[in-house]
Amino acid sequence: LIPPQVAWIDETAFSGLTDVCLFVEEGSVAHQFARAMAIPCEVNLVPMLEDDNPQRVSGDWSYTLREPGAVILREYNGRDEPVTVPAQIDGHPVTELYDYAMRGNEFVREIVVQEGVRCIGSFAFAACSFLRRLILPDSILFMHAGVCADCRDLEQVRLPARLETVQLLSFSSCVSLKEVELPEGLRMIGPMAFAGCSALERIRLGPKLESVMKSAFLRCDRLRCPELPDTLDAQSREAFDEGRRED
């Protein structure tokens, strides 16, 4: 049984085991992992773990207030095309956008996250079918898995300068994404992070990149081999051979 709050599962976690069945929440990281690795799973048998703090509402946002006054945005219920994720709400600083907060929104075309937000939850913007542009501030230190998975119209993304990891499934199946510039300090690209980005042609890697996990660029048929930093090991270099072409 894997709780829906789990944001990372190593690809070797269940290697060598037989007769394994995972109990997962639909759409969770564990569910996506089980599908990617062809592991049997039972769906929607895991209860969501609720926060003890009551949810509040301000405009189109519902949120939880945590001590000492920091806000976690839980859900966006609006229909605006450009959406700003605020740095403050009701006078309190926003530190985190929660898991699935905007998932499946059919109206948003552009999202700008204001400076001050530090964390983006799992699948927060996933399956926003018409999202074309995402701007993330340098205050963000961590992005969980699947943040933009299946955003099929996404063409432009600005990643935080201090981000060190692009997690599992972060931009998987973003079929309109043609070019990505990764932060200078990025150290790891997780499994299937850009899998299925069939239009992706160019990606710029930073000099500190150390690890590129298996299938990170699976089915990126148009991807030209980028200049690889000396910090990458042989296994990481092989990840760029899974569905890309040479210059």
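Residues numbered from 1 in each chain as written. Predicted model: local features only at pLDDT ≥ 70, side-chain atom pairs only at ≥ 80, totals over all residues. Heavy atoms only, no water.

Q: Is there a simple way to think about the overall build of the chain in this case?
A: Scanning the chain for helices and strands turns up 2 helices and 18 strands. Counting across all 247 residues of the chain, residues that qualify as buried make up 50%. Taking all contacts inside the chain whose residues are at least 6 apart in sequence as the whole, residues at least 24 apart take part in 32%. (Helix = DSSP H or I, 4+ residues; strand = E, 2+ residues; numbered from the N terminus. Buried < 20%, exposed > 50% of the residue type's maximum accessible area, 1.4 Å probe, protein only. Contact = heavy atoms within 4.5 Å.)

Q: I keep staring at the side chain of Gln 167 and nothing clicks. Help me out?
A: Residue placement: Gln 167 occurs in the loop between strand 14 (165–166) and strand 15 (179–181). The exposure class of Gln 167 is buried, given its relative accessible area of 5%. Apart from residues no more than four positions distant in its own chain, Gln 167 is found in contact with Trp 8, Phe 142, Met 143, His 144, Ala 145, Gly 190 and Ala 193.

Q: Before we go on, may I ask you to explain the pattern of salt bridges in this structure?
A: Pairing is possible between side chains of opposite charge, provided their charged atoms come close. In the structure shown here, the tally under the stated rule is 8 salt bridges. In this structure, Arg 133 engages Glu 110 in a salt bridge whose closest nitrogen and oxygen atoms are separated by 2.9 Å. Here Arg 133 is found in strand 11 (residues 133–135), whereas its partner Glu 110 is found in strand 9 (residues 110–113), with 23 residues between them in sequence. With relative accessibility at 26%, the residue Glu 110 sits in the partly exposed group. With a shortest N-O distance of 3.6 Å, Arg 204 and Glu 181 are connected by a salt bridge. Of this pair, Arg 204 sits in strand 17 (residues 202–204) while Glu 181 sits in strand 15, and the two are 23 residues apart along the sequence. (Salt bridge = Lys/Arg side-chain N within 4 Å of Asp/Glu carboxyl O.)

Q: Could you clarify how one ought to interpret the nonpolar core in this entry?
A: Counting residues in each nonpolar core, the largest one holds 56 residues, and the members touching the most others are Phe 125, Leu 182, Ile 189, Phe 194 and Phe 217. The set of elements that each furnish at least two residues to this core consists of strand 4 (61–66), strand 5 (70–76), strand 6 (82–85), strand 8 (92–97) and strand 9. Counting residues in hydrophobic clusters, the runner-up holds 9 residues, among them Ala 126, Ala 145, Leu 168 and Met 192. (Core = buried A, V, L, I, M, F, W, Y, C linked by side-chain atoms within 4.5 Å.)

Q: Looking at this structure, how should I read the state of the cysteines?
A: Any covalent bond linking the sulfur atoms of two cysteines counts as a disulfide. Per the counting criterion, the structure on display carries 0 disulfides. There is no disulfide at Cys 220, and the cysteine sulfur nearest it, in Cys 197, is 5.1 Å away. The class of Cys 220 is buried, set by a relative accessible area of 0%. (Disulfide = S-S within 2.5 Å.)

Q: Could you clarify how one ought to interpret the confidence of the model for the chain in this entry?
A: Predicted coordinates in regions of low pLDDT should not be interpreted in detail. Considering every residue of the chain, the mean pLDDT works out to 86; 89% of them sit at 70 or more. Across residues 45–50 the pLDDT falls below 50, and counting only partners more than four positions away or on other chains, this stretch makes 16 contacts in the model. (pLDDT = per-residue confidence, 0-100.)

Q: It is not clear to me how the sheet that holds strand 18 (residues 211–212) should be interpreted in this structure. Could you clarify?
A: The pairing of strands in a sheet comes from backbone hydrogen bonds and takes either a parallel or an antiparallel form. With parallel pairing, 3 strands are arranged side by side in an open sheet as 14-16-18. Two strands close off the open sheet at either side, each with one partner strand: strand 14 and strand 18. With 2 bridges joining them, strand 14 and strand 16 (residues 188–189) adopt parallel strand pairing. Its bridge partner being in strand 16, Thr 165 is matched across the sheet by Met 188. (Pairing = 2+ DSSP bridges.)

Q: I tried to follow the sheet that holds strand 11 on my own but got confused; where do I start?
A: A sheet is described by the order of its strands in space; here 4 strands give the open sequence 6-9-11-13, paired in parallel fashion. Both outer strands of the open sheet, strand 6 and strand 13 (156–158), are each paired with one neighbouring strand and no more. Direction aside, neighbouring strands of the sheet carry axes that sit 10° apart on average. Of the strand pairs in this sheet, strand 9 and strand 11 are connected by 3 bridges, and their pairing is parallel. Residue pairing in the sheet places Val 112 in a bridge with Ile 135 of strand 11. (Axes fitted to C-alpha atoms, helices over the stretch in contact; angles between N-to-C directions.)

Q: So what exactly am I meant to see when it comes to the pairing of strand 8 here?
A: Remember that side chains alternate between the two faces of the sheet whenever the strand is regular. Sheet analysis places strand 5 next to strand 8, joined by 3 bridges and oriented parallel. In the sheet register, Ile 72 faces strand 8, and the bridge partner there is Glu 96. Here strand 7 (residues 88–89) runs beside strand 8; their pairing, made up of 2 bridges, is antiparallel. Residue pairing across strands places Ile 89 opposite His 92, the latter belonging to strand 8. Between strand 7 and the antiparallel strand that follows it, strand 8, lie 2 residues; Asp 90 among them carries a positive phi value of about 50°. Direction of pairing for strand 8 relative to strand 10 (residues 119–120): parallel, over a ladder of 2 bridges. Residue pairing for strand 10: Glu 96 is matched across the bridge by Cys 119.

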